[in-house]
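A look at the structure
The primary structure of each chain is shown beneath.
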Amino acid sequence: MLDINKIRADFPILSQKVNGKPLVYFDNGATSQKPQVVIDAISKYYQEINANIHRGVHTLSQLATDAYEASRGKIQNHINAKFAYEVLFTSGTTHGINLVTNGFASILRPGDEVLVSAMEHHSNIVPWQMLCEKTGATLRVIPMNEDGELIMSEYDKLLSDKTKVVTVNHISNALGTVNPIKYMIDKAHEVGAAILIDGAQAVPHLKPDVQELDCDFYVFSGHKICGPTGTGILYGKEAWLNKLPPYQGGGEMIKEVTFEKTTYAELPHKFEAGTPNIAGGIVLGTAVDYMNEVGFDNIQQQEKELLEYGTKRLLEIEGLKIFGTAKEKTSVISFNIEGIHPYDIGTIIDKLGIAVRTGHHCAQPIMDFFKIPGTIRASFAFYNTKEEIDVMVEAIKKAQLMLS
Ligand SMILES: Cc1ncc(COP(=O)(O)O)c(CN[C@@H]2CONC2=O)c1O
């Protein structure tokens, strides 16, 4: 069990007031808050060992390089990657996905098919559309049902020898649905397709084991797991990373440059051109350490209780409908109130210190499916409490009275 008061004391921002009221932060799906140890680690890097990495012979450069590569090793262990060089630092999930689609531009041909799910975030739709436009490949969609669950029988039918890539989120940012990715990975491999898992909304809640999953790519952002913005990870199986061409040209990613020809560096450097976000990469390791110290069992227990309590309390509200009622869900509740635009609720409860997300959540196809303009999304993290949910429910009831 979590000592919730001790945990909350780790996060300075949680004692902030917003509009004169205690902050109730329920927008963790957008970005998580940062514990003091992560905040301090950023300053410590710049105060003590800041230097450019991988090339310097001087002590500071060596210390910074060692810290950066030690962080890569921490993340390798965290996701159980076979090799550290299969763990690439990126600026986030979007960057990671674009790196992969850029690589497939030299592989896909007209007639090839890319399967994408109906519940993806735009950053796992648009790069694949751009790739299909570039290569003449065809994008096909794995449908979902009214509960916001992908229909596996339809997925099976869509798979064929034309399928070259499947791309799907581990967990939906708008619905909270946990997808059956192990099944989807195995079925993709049966037809010889590669599969990318968008783990942006999964890593705050669970530790993915990429070898057990056997996925070809797994991407996530550091800012959702208590890490700095502008950081992320692309895991790729060595065989695939060796097959894909570099994403960006420049320093660090080369072996030898002549005007006649340039040869590229080995993994991971081939995909890490230029000076990286050194502090961010190092501190992402600090964030991963913090999450592991809290313990994912404790995180899952706390968030399960918040999801159950939040669902029960919200359904007490007249005219409230929840979107995303999958059997397997994380602590995300998307909902609307009959006759009221989500934006109006969001702006009113913000005046009472409550931060939720309203709108399409960069998942417009989901909103189109449900024929709604958007939702109010409350996304809970392990540092939230049932008392905060009570504050939100009372605030929504007040807003409903004002707006009706
Ligand atoms: C499932 C999913 N994939 C990809 C992304 C893109 O991540 P980056 O922006 O870090 O590249 C997000 C961001 N989540 C959005 C961000 O704000 N609210 C959300 O739900 C996401 O939830």
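Residues numbered from 1 in each chain as written. Predicted model: local features only at pLDDT ≥ 70, side-chain atom pairs only at ≥ 80, totals over all residues. Heavy atoms only, no water.

**Re the packing of helix 4 (residues 93-104) against helix 5 (residues 126-135)**
- Running from amino to carboxyl end, helix 4 crosses helix 5 at an angle of 15°, the nearest separation of the two axes being 9 Å. Here helix 4 lies roughly parallel to helix 5, going by the angle between them. Viewed along their axes, helix 4 and helix 5 form a crossing whose handedness is right-handed. On the side of helix 4, the interface is formed by Ile97, Asn98, Val100, Thr101 and Phe104, while helix 5 contributes Pro127, Trp128, Leu131 and Thr135.
- Its residues assigned to classes, the contact of helix 4 with helix 5 shows six nonpolar, three polar and no charged. (Axes fitted to C-alpha atoms, helices over the stretch in contact; angles between N-to-C directions. Helix = DSSP H or I, 4+ residues; strand = E, 2+ residues; numbered from the N terminus. Parallel < 35°, antiparallel > 145°, perpendicular 65-115°, else oblique. Left-handed = near helix turned anticlockwise from the far one by under 90°. Contact = heavy atoms within 4.5 Å. Nonpolar A, V, L, I, M, F, W, Y, C, P; charged D, E, K, R; others polar.)

**Structural notes on the site of the ligand**
- Residues in close proximity to the ligand total 15 residues, the closest being Thr94, Asp198, Ser221, Lys224 and Arg377.
- Asn173 places a side-chain nitrogen or oxygen 2.9 Å from an oxygen atom of the ligand.
- When the free accessible area of the ligand is taken as 490 Å², the share hidden by the protein chains comes to 87%.
- The residue makeup of the shell around the ligand, split by class, is two nonpolar, nine polar and four charged. (Near = heavy atom within 4 Å. Polar contact = N/O pair within 3.5 Å; in protein donor to acceptor, adjacent residues only side chain to side chain. Areas by Shrake-Rupley, 256 points an atom, 1.4 Å probe, with all protein chains shown as cover.)

**Remarks on the sheet that holds strand 8 (residues 194-198)**
- The mixed open sheet is built from seven strands, whose spatial order is 4-10-9-8-7-5-6. Where the open sheet ends on each side, the last strands, each with one partner, are strand 4 (87-90) and strand 6 (138-142). For this sheet, the mean inter-axis angle between neighbouring strands, taken without regard to orientation, is 20°.
- Each of strand 4, strand 9 (217-221) and strand 10 (232-236) is contacted by helix 3 (residues 59-79), which is oriented at about 120° to strand 4, the strand it contacts most.
- Where helix 4 meets the sheet, its contacts fall on strand 4, strand 7 (163-169), strand 8, strand 9 and strand 10, and the angle it forms with strand 9 comes to roughly 150°. (Pairing = 2+ DSSP bridges.)

**Points about the packing of aromatic side chains**
- In total, this model carries 13 aromatic pairs according to the counting rule given.
- With centroids separated by 4.5 Å and ring planes inclined at 45°, the aromatic side chains of Phe11 and Tyr383 adopt a geometry described as tilted. Taken as a pair, Phe11 in the loop between helix 1 (4-9) and strand 1 (17-18) and Tyr383 in the loop between strand 17 (375-379) and helix 14 (386-403) lie far apart in primary sequence, 372 residues in all. Accessibility assignment for this pair places Phe11 and Tyr383 in one class, buried.
- Ring centres of Phe104 and Phe217 lie 6.3 Å apart, and the angle between their planes is 75°; on these two criteria the pair is classed as edge-to-face. (Phe/Tyr/Trp six-rings, centres within 6.5 Å; stacked < 30°, edge-to-face > 60°. Buried < 20%, exposed > 50% of the residue type's maximum accessible area, 1.4 Å probe, protein only.)

**Observations concerning the pairing of strand 6**
- Looking at chain direction, strand 5 (residues 113-117) and strand 6 are connected through five bridges and run parallel. The residue of strand 6 that forms the bridge with Glu113 is Thr138.
- Note that the unit made of strand 5, helix 5 and strand 6 has a crossover that is right-handed. (Right-handed = clockwise from strand over helix to strand, strands pointing away.)

**Structural notes on the UniProt feature "domain: Aminotransferase class V" (unreviewed entry) in the chain**
- Those residues carrying the UniProt feature "domain: Aminotransferase class V" (unreviewed entry) are residues 24-391 in this numbering.
- For residues 24-391, the helix share is 38%, the strand share is 18%, and the end-to-end C-alpha distance is 8 Å. (UniProt positions renumbered as here; feature names shortened; annotations may be inferred.)

**Some words on the domain arrangement of the chain**
- Structurally, the chain comprises domain 1 (4-30 + 295-403) and domain 2 (39-293).
- Between the C-alpha centres of domain 1 and domain 2 there is a distance of 28 Å.
- Taking both partners together, domain 1 and domain 2 bury about 2700 Å²; carbon and sulfur atoms supply 56% of that area.
- Where domain 1 packs against domain 2, one counts one salt bridge.
- With a closest N to O distance of 3.5 Å, Lys327 and Glu149 form a salt bridge.
- At the boundary of domain 1 and domain 2, one finds 20 residue pairs in polar contact (both at pLDDT 80 or more).
- For the side of domain 1 that touches domain 2, the secondary-structure elements that each account for two or more residues are helix 11 (296-314), strand 14 (332-337) and helix 13 (364-370).
- It is helix 13 that contributes the most residues to the side of domain 1 that touches domain 2, six residues altogether.
- Residue classes in the side of domain 1 that touches domain 2 are distributed as 18 nonpolar, eleven polar and six charged. (Domains from an automatic or database assignment. Buried area = accessible area lost by both parts, 1.4 Å probe. Salt bridge = Lys/Arg side-chain N within 4 Å of Asp/Glu carboxyl O.)

**What to know about unusual backbone geometry**
- For the bond from Leu267 to Pro268, the omega torsion is 0°, close enough to zero to count as cis.
- Within the secondary structure layout, Pro268 lies in the loop between strand 12 (262-264) and helix 10 (278-294).
- Of note in this structure, His361 is not a glycine but carries a positive phi near 55°.
- Position of His361 among the secondary structure elements: in the loop between strand 16 (357-359) and helix 13.
- By relative accessible area, His361 is classed as buried at 6%.
- Non-glycine residue Cys362 carries a positive phi angle of around 55°.

**Description of the pattern of salt bridges**
- Using the criterion set out here, one finds 22 salt bridges in the structure.
- Put simply, Glu305 and Lys386 hold a salt bridge, and the shortest N to O gap is 4.0 Å. Here the residue Glu305 occupies a position in helix 11, and Lys386 occupies one in helix 14, the gap between them amounting to 81 residues.
- On the accessibility criterion, Glu305 (23% relative accessible area) is partly exposed.

**A closer look at the nonpolar core**
- Core analysis: the biggest nonpolar cluster contains 74 residues, and Tyr155, Val166, Ile195, Tyr218, Ile366 and Phe382 have the highest contact counts within it.
- Element by element, the count of residues in this core is highest for helix 10, at ten residues.
- When residues of this core are assigned to domains, at least three fall in each of domain 1 (4-30 + 295-403) and domain 2 (39-293).
- Core analysis: the next-biggest nonpolar cluster, separate from the first, contains 27 residues, Ile340, Ala378, Ala395 and Ile396 among them. (Core = buried A, V, L, I, M, F, W, Y, C linked by side-chain atoms within 4.5 Å.)

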